[in-house]
Structure formats: structure tokens, C-alpha cells
Amino acid sequence: MALAECIALAARGIEANIQASTKSSKGTDLVDSDSGVANQTDKKELLDIFRYVVESSKQHFNPSYRLQVCSKILEAAVSVVCTYDIPLEILLLFLSAFPREFTDYGGQLRTAMKRWLSGCGDKDCCANCCSNEIKLWESLCDFPKSFLSNHLSNASLNYDDEDLNAWEFEANRWARVLLLAIKKEHPFEPILTFLESSGADILNQGQDTKYVTVKFSILALSLVLELHKTKERAIEYGNKARTDVASSEIVDGLSLMEGISEKLVDKFLYLLDDLVQVANQACCIFWSGVVTEDSTLPGAVKGKLGGPSQRRLSISATTAVLKAVISVKALSFILLWCKQIRSDATLKSAFIFMWQFFWRSTRSLSSCSETQAEIHLAAYEALVFVLRVLASACFPGSMYLIEENEKMISDIEGRPLLDSMFGAFFQNINDLLGAGVLARTRRAVLLDIKWACLESLLSIPSHTLQNGFHLEENSASFSESTLKCIFSDLVESLENAGESSVLPMLRSLRMLIELVSNVKSNAVVSISNIIDTEEGTKSPRTIRLAALHLTGLWLLNPRIIKFYLKELKLLSLYGSVAFDEDFEAELADNNDARLEVSVLARSPDQELTEAFINTELYARVSVAVLFYKLADKARMVGAPNEDADCIAALESGKSFLLELLDSAVNDKDLAKELYKKYSAIHRRKIRVWQIICVLSPFVDEDIVGKVVDYLYISLHRNNLPAVRQYLETFAINIYLKFPILVQEKLVLILRDYDMRPQALSSYVFIAANVILNSSKDVQSRHLDELFPPLVPLLTSHHHSLRGFTQLLAYQILHKLFPLLDSGSSETLPLEKRCLVDLKTYLAKNSDCARLRASMAGYLDAYNPVSSATPAGIFVNRVEEGDFECVPTSLMEQVLNFLNDAREDLRCSMAKDVVTIRNETLKFDGDNNQLEHFANGMKGNQLEDIASDFQKKITVTKHDKGHIEAGLLYGNEETYRKMTELERDDLLLDNLLQSRRSSLSRLKESRQHFIFVASLLDRIPNLAGLARTCEVFRGSGLAVADANIINDKQFQLISVTAEKWVPIIEVPVDSIKAYLQKKKREGFSILGLEQTANSIPLDKYSFPKDTVLVLGREKEGIPVDIIHILDACIEIPQFGVIRSLNVHVSGAIALWEYTRQQKCQ
């Protein structure tokens, strides 16, 4: 940020200098080079520097910071550079570096950017601003011609994926700036004319210029995609815009885009047959079976086998399949776009090609070599775009064509329409995956393609229904066996799916369950094996995304919830301390991911979705929100607008409530009464009762008896206060909803004075809140019924129950008897005078007042109804406690107060004892007595010094008598007790000294291994490394900022490891100096990174003194640090996924070091 500020200030100075020079030489067009940036080379270099600053700012997590940097850099560019003074290529590179959200409609920099493209941004900058705008537009219009005329340096005209990516980036930059700079007065005809006149000639050229055909397809594709994005962003911004100026801008922009789109559609429809012909010819490579085998691999593959997945084909074969893929891709997107703009367009030839392509791709012969397998993989890569067309809602004729084809090829009457399509696709692609001829990275690519294609296949039925196509009676899109086949394959693959596959797979799962629910109720498939009750057996991402998709689906289809009670229970009990550090980044960078989340989150509570989407709470929050929303539908039962969904919502809520209550009472773990605080059982008990609280609105007259019986059993069992508060909240809501139960059940329970104090405390809290929160028509009756049984408990011998009852009794008297203390005491009946004195005592007694002061605000703020909502359970209390969002209960606060009071009393007594002892030593007693005391000390001290002891003194009534007698007469008992105190102090000193010695030995026994994690910035990884370092006794962990150990998330994951392992602060810019210092001290400096010379971990012998550098989560170790390393080690990998989490990698490396050191 400071660099951007300096650049902007310097640019303003140059601008002022240029303006001054311009005014002093009015007739001169040239500007002195000393007064500004006059050299074109200097301007190019300057924009390159500006672009580097903008690109670097993208790594910062704060969008406001990124915006400020981009704003300052744009301001500097406007001040010193005219858009026409630099080559178009440099300008496109610079502008494309700015994030789209800043330059699209609604972006904060869009106006400034358009003004700069219209001239220089300053009318006094030069005399040719208007002409510069025209020249810039002309250069943009000339770009297509220059783009296609740039010949390859390779005489064979072959190209690979890197060339294709470079062309796509170049065309995309042009299309973005073109639509950013365009105005109504700008002529678009040159581009349209070029597409029409040159397009047909280019598409019909021979194979000797095949790269030109590909570049033309890329150019057309980039223009179509940019128009589509711009229109989408304009509509999105228009829906949010509130000012007339913004609305006017949107209307003008959309009008301009519509005009361009209409004209462009005419040109593409003119070229459509040529595009189909080119795609048809290019795709012959997929099913001809004729491939030229040669040993020349593409440059992208040679020397980069450890990098991104690349095609394992010769350079000529790579060129052929790339031309086929890009031709099909361009044709597919152009076809979709034309149909969206002009729904009545005739596209029959293109649609027939798509249909034939699907069948030929999915019925090709099995592969027998790696080359043929790679070509089939490329065909499936193109099939992704073909299926998007076939599944699109823009093509209502898809299902009719499928129906005709099914009748022609199927010999089974009544077979579901899509069974043949799915069977051909799934069998062929699974055969290709199982053939074993593809490289591991290429199989991963094919898996991504498989799930993308499956998503499109499953979306065909919903789109065709939207278009008015209705299946015949008793027919379906998929058979039950096919749905089960799809489901089993999805579930088995979901857990180990790559990042790019998770969302398509879960979308497919959602659509699959929707299809099942629409076919028959008995065909529902179980998804419980996606989720598991064991902590950590499934990844947090899998659980959270499953919860996101499934709860959204269940809310829209309440009638199928009854089939998924097991899954709901597993999601409710799920929890993990693990975090997905890449998930938020994926949501931020991946538009498809954001779209899926927004689509599925529109029904549940948006605030909760945003707050918990990347936390371990999200699965439970999703279930809670689901039933909280379903409760609204359940309340409509019996109303005029009642429907089947309302009844289904009520029944599903009741069934799930009884299921959870049964588990809470009868499950082996959930029914336990003896368990540790913060244990797994403690967590699950809290989770199940949190959800039960949310389900309280579903308690109806037909199940209230069962619910109260379950509740009675649970309240009479031992439970920690964190669990009991949810039982109490649930019980209060039940008694408020069914007032008749107060007299029938609650009053009788309160009069059971032999009940456990813990259970009795809960019923006191329940009764008090039933009185305080009842409606006016029943509050007086509840007061008469419930307050008398509470009064005797004010005299309970159990201190916590007594204090608890005093607190709640005062609350009742204070709120419901405000006039109780008015009038003469002689005129009041006896019972009222008793209540007056009771209220006065509770109000004025200092101990009672102190107890109330320590609970200030809790009772007034407590609302049993809102406390049983998802917001009350999760959002409002998430900051108050780190453990399962559990706040401190009232009983816990009372106990803490009483314990503090007892501790204060003990301290006061201890001070009194010390004072008495000191006074006793001063008394003028018998010298023989003192001598006898000294001899006793010598005789007993060494004898008993090693004896065990409990440093707690309870002075009984009889002891007090002895002490008083000793003070008066100086007897031997007094000296004996004083001797014991002195002996205890000496023993405590010895124990502390032993503890210090143990810690010193522990420090010396640490391994000579240091982690350097200064490049990491994600808290879960750093906390996990601290924990790993402490477990294996590493001698230190270097981090960029040592204050991170104060972060709550860090402390939750590290579980106090930061207190035992040395945390060293090494900022990023000091890493080199620190590593060089450790190297001078004799340490070997290693890096955990995949490089060309990396040594496998199992083949490397670690030196005793080792410093291990860990790279950033995605980028790895920077090159300048790699140069000073003594060696790089890597962990051998055999699976499909190409990398390990950095914390996991560090833990594996440290264990290998530890294993080697133990063997020496």
C-alpha cells in the first residue's frame, strides 16, 4: 500500500510538471523528456511495473486493501500515460491485471477506467485526446486481423496446450477491454465485417493453416463469453442499483449490448454451417483410429512431468485433438448463445452434430494403448460442452430427439428414456478409467470430466420439464437400477474427490435425490455412508457441502425427509476441529462455487450460511435452520392455506424429534452420566440437545406424553451444566406450550424433596421461568401453583440449590409483587407479611445482593423462546464460548460465585492463622517450652519430609478449642501444628525445585529440529505444526508473527502446545538472514518442496541439526529461498490428488527425522 501511495504521488508530480511545461510552450507538441515520461519505452516499462504491483496486491486477503492499491495505480497510470502512446498489447496486459469486480458494472474503478480509455483522463494533458480515443478504438478493431496473422515460429504449424492457453488469454484480454471501451458512437461494423467476410474463408482453408482456424474459433468464443459476462454483471448490478444515474447507465449499457448481440448473432448464423463442418472434420481424430505415432513430445510435457497434467501425445497428435476440442467448444457456446438471443433461430444442423457426437464418443472402441486412451480422453473433454448444449433449457427439442432415438435403438419396451444414454456413457468412461493405460494425473483429469458430464446428464429431465415435455404415465427418465448405479458410484468417489470435482458431484447427488423423490417413494436411496459419527472420518468439506446440498433439498421437498432421519441425525452429531483452509479461497475465486452456494442457500437463513459456511458447526447449523424453517410450514397445519408440504413438515419434525429423544435416553454414549468435560460424549450430548431445542415447535398433543417422559428421565440423570441448560430450555418451552402440564406434572415433581439436588435445581429454574414467561391469562395460576413448592427450597442444606433458589425467588418477587412492600404490616395477612420480609431480606442482604450483581443481566436477557432458535443457539452466543457455542449457564455462574466466596473465606482464614502464628511467636512464655519446640522441629523434620500431604486445613469446632487453649497456655499441640505448617512449606519448596529441574531437563532433551513456517499464513496449519512440533519435541517453530499464539482458533487446535514449544518470530523478509545464521551455527537447511532435484523422504538421511523450511500453501517455497537450501526433500505420492496439506507434510517429515534419530 505504501508503494502504491508513493507511485501515485510521484505520478501526480510528473503530471503537474507536464502541465506546466505544456502551458509554457503552447505552440509546441513535444514535451521535454526532463519534465515527464516522454519515451515510449519508459512508458512500457512503467506500465509493466504498475501491473506487477496490481498483481501482487491480489495476494492480500482484504478486498478494501486491494481496491485502494488498484485505485492508486490507476490514478498514477492516468497521470503519466496516454492509452494510445503505448502498444495495444502492453495496454491489454495492464488492464487485464485489474480484478473484474473493480471494472465491471458496479465496480468502483469502472468510471475512471472508461474515462482513461476515452482519452487521457485530463483535458489539459495533451491536444490530441479526442483523436487518441479514435486511434485506440481503431487499434482494438484491428486486433482480430493481427491476432490471426501472427504466425507460429514452428515451421510445422503445430501447437500444444500452452500455445492454446496463451491465445485464449490474449483474446480474452482484448474482448474485455473492447467492451469496456465501447461507446454508442463507436463503430462496431469493422469487427462484424471481418467476422463475416474473413470467417468463411478462414473456416474453409486447408489443413496447412489449421492454426488460423483454431485462433478464429478462440476469437469468436472470447467475444461471445465476454458479451455474456458483461450482460450478466449489468443485470446483477441493475437489480442492486438504487440511484437514477446507475439505472440510466445500466439501461444504456444493456441497450448497447443487445444491439451488438443481435448483429453478432446474424454473423454467426451465417457461419454456422461452416463451423459445424470444421468441427466435424476436426473430430475425425476421435473415432478414425488412425494416429501418427512419433516420439516428439510437446514442449509443455518435456521437463515438466511433475507439473500440471499434460497430454501424453506426440506434438502432431496434440495439435489435432486440440483443434477438435476447441472447435466443439466454440460451436457449443456459440450455439447456446445464439439460442438465448434468438429463440426462433434454426440450428438443426448444429444440434444434429451434437447428438451424433455424443453417441460416437460414448460408443468408441476400448483403448489398447496410451495414445488411443489420450485421444478418447480428449473426446470426453469435448463431450462436456456437447452435453451442456443437450441439457440446456434453451433447447426444448432435446427430449423429443432422445425419445425418437430410444425407440430406434432399444429393444426393451417401456425402457426409461435416458437409460441408454447413461449406460453408454458410464460403461465407456469407466472402461477407460479402469484400463490402466492412462497416467495418474491424466486419470484425475478424466474423473473431473466424468462428473461434469454426469451433472449435465442428470439435469436433462428438469430442463425438459421446464420446456413443457411430459413423460407418459408410469414412465421415467431413469430406471431405479440406473439411479442406484449412479448413486453408488457417486458416494464411493465423493470422499476422495479432487477440488474441482466436489461441487459437480454434490450437484449431481442433489439432482439424483430429486429424481428419486419424483419417481417413487420406495426407491429412495440412503446417503448415510457419506457421513459418519466418528470424528474426522470424513473431511470437513465433504460434510459441510453435503449438509449444504441436502438441507436445501429437504427444505424444498419436505415429503422425503422421513426417509432420511438417519442422515439428519448424523449431520446433527457431526463435529470436527479441522478447518478447510482452501474452501473460502475456492468460493472467492470460483464463480460456479459461489453460484451453487447462493442457489442452495436462498432457502436457509442467509446470515447463518455466511457465518458458518467454513466452520465445523456448519452441518449442525444447516440441520437447525432446516427444521426452524419447516416449523413455519408446520404451523400452517389447520389453516386455510394448508397443503401436503405443511403436513409433511409437521410429521417429519415430530419423527425426527422422537428419534433424537430416543437416542438421548437410550443410546449407550448419550445416556452416560459419568463423562469428562470437553470429551467426545460431552460434545455429542450438547449437539443432540441443541437440535432438540430447535425441534420444540413440533411437539404436538399426540406426542407430548412421550416427550415429557423422555424429558423426565433425562433431567433426573447426572449431566454437566452445559448440557442441562438445553434440557431446561426445551422443558420450559414444552410447559409454556402446554400449560395443563404444569399442574399435572411439574407441581408434583417440585414436591419430591428427596430428588437429586442437581435435578431439583433444574426444575427450580424451569418453574421460575414458566412463571416469568407465561402469558397473562395463565401467569397468575402458575404463580399460585409453582411458587409455594419453591419456598421450602430456600432453606435447603445444599448451598448451591439454596443460592440458586434465592436468586430465582427474588426475580419472581421483584417482577410479580412490585407493591408487596406497600401498606402497613399490621393490615396484611400473615402469609403476605412473610413474603414482604422475604423480599426485603433477599433485596437488602449483602450476600444476596452480591450474588445478583455477579449475574447482572443474565436473567433479564434470557428468553426461552429465542434461546431455542438457531440464532439463539449459534449466532448470538458464538463469541461467548469456544466450546460448541455453549454460554455459561446460570447454575455454573452460581457455583462459580459460591466457589469464589469460599476461596475468599479460605484466604481470610489463612491470613488469620498467619497473624495468630506470628503473634504466638512473640509471647513471653517458658524458655523450656521454646527449647522443647526447637528440639521437636529437628527430630521430626527429616523423618517426615518425604511424606505425602494435602495442603488443606479444615478447622473443626474441637480444633478451635485446642488452638485457643494453646494460645493461652502454650501447650505442645500448638507447636506441633505450627511445625506441620513449616514442614509443608519446606516440602512445597522442594517440589517446586524438582519441577524446575524437570523442565530444564525437558528443554535439554529436545531434538535439534526447527520448523520455519514464516511463509504460512493460515492459522489451522500453524497451530497444527505447533502441536506436531511439541509432540515430537522439536526445538522451535519459526512464524512470521508470534502474536498468532493469542488467536482463539490457534489455541483451540494447538491444545496448549504453544506453552511448551519455543515459538520464534521470523518475519518473511528476515527468513534469509535467519537461515544463514542457523547455517553458521552448524544447522543443515532443508526445504520440503517438489523440485527437479528433490530427494524422496524415505531415501534421505537427516543430519542431527536440521532446519526445515515449509512453503506457502499453494505457491510453495520462493525461488530465492530455494537457492540457499542445502537440499530439497519431497514425500512420495501414489494417489490421484497431487499434493498434501502443508501441516500434514511437515508432520510426516518430522516423524521421519524422529525415526532416524531414534535408530542412531
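Residues numbered from 1 in each chain as written. Predicted model: local features only at pLDDT ≥ 70, side-chain atom pairs only at ≥ 80, totals over all residues. Heavy atoms only, no water.

### Here's the deal with the packing of helix H13 (residues 315–341) against helix H14 (residues 348–362)
- Put simply, H13 and H14 touch, their axes get as near as 11 Å, and they point 130° apart. As summarised for this structure, H13 and H14 are arranged oblique, according to the angle between their axes. The element H13 and its partner H14 pack so that their crossing is left-handed. Two secondary-structure elements touch here, H13 through Val328, Leu331, Ser332 and Leu335 and H14 through Ala350, Phe351, Phe353, Met354 and Phe357.
- Here the contact of H13 with H14 is built from residues that sort into 8 nonpolar, 1 polar and no charged. (Axes fitted to C-alpha atoms, helices over the stretch in contact; angles between N-to-C directions. Helix = DSSP H or I, 4+ residues; strand = E, 2+ residues; numbered from the N terminus. Parallel < 35°, antiparallel > 145°, perpendicular 65-115°, else oblique. Left-handed = near helix turned anticlockwise from the far one by under 90°. Contact = heavy atoms within 4.5 Å. Nonpolar A, V, L, I, M, F, W, Y, C, P; charged D, E, K, R; others polar.)

### Here we look at the packing of helix H8 (residues 161–181) against H13
- In contact at an axis separation of 10 Å, H8 and H13 are set at 35° when each is read in the N-to-C sense. Together, Asp161, Leu164 and Glu168 of H8 and Thr318, Leu322, Ile326 and Lys329 of H13 make up the contact between the two elements.
- Residue composition of the contact of H8 with H13, by class: 3 nonpolar, 1 polar and 3 charged.

### Re the pattern of salt bridges
- Counted by the stated rule, this structure contains 26 salt bridges.
- When the shortest N-O distance is used, the salt bridge between glutamate 262 and arginine 342 registers 2.8 Å. Separated by 80 residues along the polypeptide, glutamate 262 in helix H11 (residues 244–282) and arginine 342 in the loop between H13 and H14 bring together distant segments of the chain.
- Residue glutamate 673 is joined to arginine 756 by a salt bridge in which the shortest nitrogen-to-oxygen separation is 3.0 Å. Of this pair, glutamate 673 sits in the loop between helix H27 (644–666) and helix H28 (680–694) while arginine 756 sits in the loop between helix H31 (740–750) and helix H32 (757–773), and the two are 83 residues apart along the sequence.
- The partly exposed category is assigned to arginine 756, whose relative accessible area is 38%.
- Linked by salt bridges that have partners in common, Arg100, Asp104, Glu226 and Arg233 make up one network. (Salt bridge = Lys/Arg side-chain N within 4 Å of Asp/Glu carboxyl O. Buried < 20%, exposed > 50% of the residue type's maximum accessible area, 1.4 Å probe, protein only.)

### Describing the nonpolar core
- Ranked by internal contacts, the top residues of the largest apolar core, which has 155 residues, are Trp116, Leu140, Trp174 and Phe286.
- Top contributing element to this core by residue count: H13, with 16 residues.
- Excluding anything up to four places from it in sequence, leucine 140 contacts Leu88, Leu92, Trp174, Val177, Leu178 and Ala181.
- Core analysis: the second largest hydrophobic core is formed by 107 residues, Val665, Tyr710, Leu715 and Cys848 among them. (Core = buried A, V, L, I, M, F, W, Y, C linked by side-chain atoms within 4.5 Å.)

### Quick look at the confidence of the model for the protein
- Per-residue pLDDT for the protein has a mean of 76; in total, 69% of the residues score no lower than 70.
- Per-element mean pLDDT across the protein ranges from 42 in helix H41 (residues 957–969) up to 95 in strand S6 (residues 1106–1110). (pLDDT = per-residue confidence, 0-100.)

### Details of the packing of aromatic side chains
- One pass over the full model with this rule turns up 25 aromatic pairs.
- Seen from the ring of phenylalanine 147, lysine 215 lies directly overhead, with NZ or CZ sitting 4.6 Å from the centre.
- A cation sits over an aromatic face here: lysine 450 above phenylalanine 426, 4.8 Å from the ring centre. (Phe/Tyr/Trp six-rings, centres within 6.5 Å; stacked < 30°, edge-to-face > 60°. Lys NZ or Arg CZ within 6 Å of the ring centre and 35° of its normal.)

### Some thoughts on a nonpolar patch on the surface
- A contiguous nonpolar patch, built from Leu1140, Val1144 and Ile1148 and spanning about 210 Å² of accessible area, is present on the exposed surface.
- Judged by its relative accessible area of 40%, leucine 1140 is partly exposed. (Patch = residues over 30% accessible without salt bridge, like charges linked within 9 Å, V, L, I, M, F, W, Y side chains within 5 Å. Areas by Shrake-Rupley, 256 points an atom, 1.4 Å probe, with all protein chains shown as cover.)

### With respect to the sheet that holds strand S3 (residues 1063–1065)
- Ordered in space as S3-S2-S1-S6-S4-S7-S5, the 7 strands form an open sheet in which the pairing is parallel. Only two strands of the sheet have a single neighbouring strand rather than two, namely S3 and strand S5 (1095–1096).
- Here strand S4 (residues 1084–1088) pairs with S6 via 5 bridges, running parallel. Bridge pairing in S6 links leucine 1086 to leucine 1108.
- Sheet strands touched by helix H45 (residues 1071–1080): strand S1 (1007–1012), S3, S4 and S6. Its angle to S1, the strand with the most contacts, is close to 165°.
- Contacting S1, S4 and S6, helix H47 (residues 1142–1159) runs over the sheet at an angle of about 165° to S1. (Pairing = 2+ DSSP bridges.)

### Thoughts on helix H35 (residues 830–844)
- Taking 1.5 Å per residue as the helical rise, H35 with its 15 residues ought to reach 21 Å, and the 21 Å between its terminal C-alpha atoms agrees with that figure.
- Within the span of H35, buried status applies to Leu835, Val836, Leu838, Lys839 and Leu842. The buried residues of H35 occupy an angular sector of 165° when projected down its axis, which confines them to one face. Counted as exposed and oriented over 90 degrees from the buried face of H35: Leu830, Asp837 and Lys844.
- Along its buried surface, H35 packs onto helix H33 (776–790), helix H34 (799–816) and helix H36 (846–854). (Expected span 1.5 Å × (residues − 1). Arc of directions from axis to C-beta.)

### Regarding empty space enclosed by the protein
- A full pass over the atoms with the stated rule returns 6 cavities of 30 Å³ or more.
- Taken as a whole, the largest cavity spans an internal volume of roughly 80 Å³.
- Surrounding the largest cavity, Arg100, Thr103, Asp104, Tyr105, Arg110, Arg176, Leu179, Leu180, Glu226, Thr230 and Arg233 form its lining.
- Within the residue set of the lining of the largest cavity, elements represented by two or more residues are helix H5 (100–103), H8 and helix H10 (210–240).
- Within the lining of the largest cavity, the residues separate by chemical class into 3 nonpolar, 2 polar and 6 charged. (1 Å grid on protein atoms, 1.4 Å probe; cavity = no way out; pocket = protein on both sides within 12 Å on 5 of 7 lines; lining within 4 Å. Points joined across faces, edges and corners; volume = space filled by probe spheres on them.)

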